[in-house]
Amino acid sequence: MPMAPAARTPYPPAPGLAAAVQRECLRRGLIVELGGRHASVVRLLPPLTISDEQAEAVLDRLTDAITAAARDHETHGPDRQRHPGADRRAG
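Residues numbered from 1 in each chain as written. Predicted model: local features only at pLDDT ≥ 70, side-chain atom pairs only at ≥ 80, totals over all residues. Heavy atoms only, no water.

> Account for the overall build of the chain, with residues named and values stated.
Within the chain, the regular secondary structure consists of 2 helices and 2 strands. Listing the helices and strands of the chain from first to last along the sequence gives α-β-β-α. Burial status across the chain gives 18% buried among its 91 residues. The long-range fraction of contacts in the chain, counting pairs at least 24 apart against all pairs at least 6 apart in sequence, stands at 47%. Total accessible area computed for the chain in this model is approximately 7,100 Å², and 56% of it derives from carbon and sulfur atoms. (Helix = DSSP H or I, 4+ residues; strand = E, 2+ residues; numbered from the N terminus. Buried < 20%, exposed > 50% of the residue type's maximum accessible area, 1.4 Å probe, protein only. Contact = heavy atoms within 4.5 Å. Areas by Shrake-Rupley, 256 points an atom, 1.4 Å probe, with all protein chains shown as cover.)

See below:
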C-alpha cells in the first residue's frame, strides 16, 4: 500500500474516488478497471502493441480524469457522488 509522504501511514482505501476516476475515464473514451482491496485500484490494461503516441494520449486522458475526479471528490466529499448528467445542460 502506498505511504502518505508526510505521515508515513498508508492512505485509507477510497473506492468512491476510484469509481469516480473510472467514470471520468469512460467519459473521455478510456476504459479502465477497478481492482485491489476495496476496489480502490485503477487498472490500465493497454495492448502490448501500444505506440508511444497512444500511450501518451492514454496518460493525458487519465491525468484529466484524475484531476476532475479529485476536484469533484474535494467539492462533494467522499460519500457524495455527483449525478452523472449534472454537468449537461437541459434542453
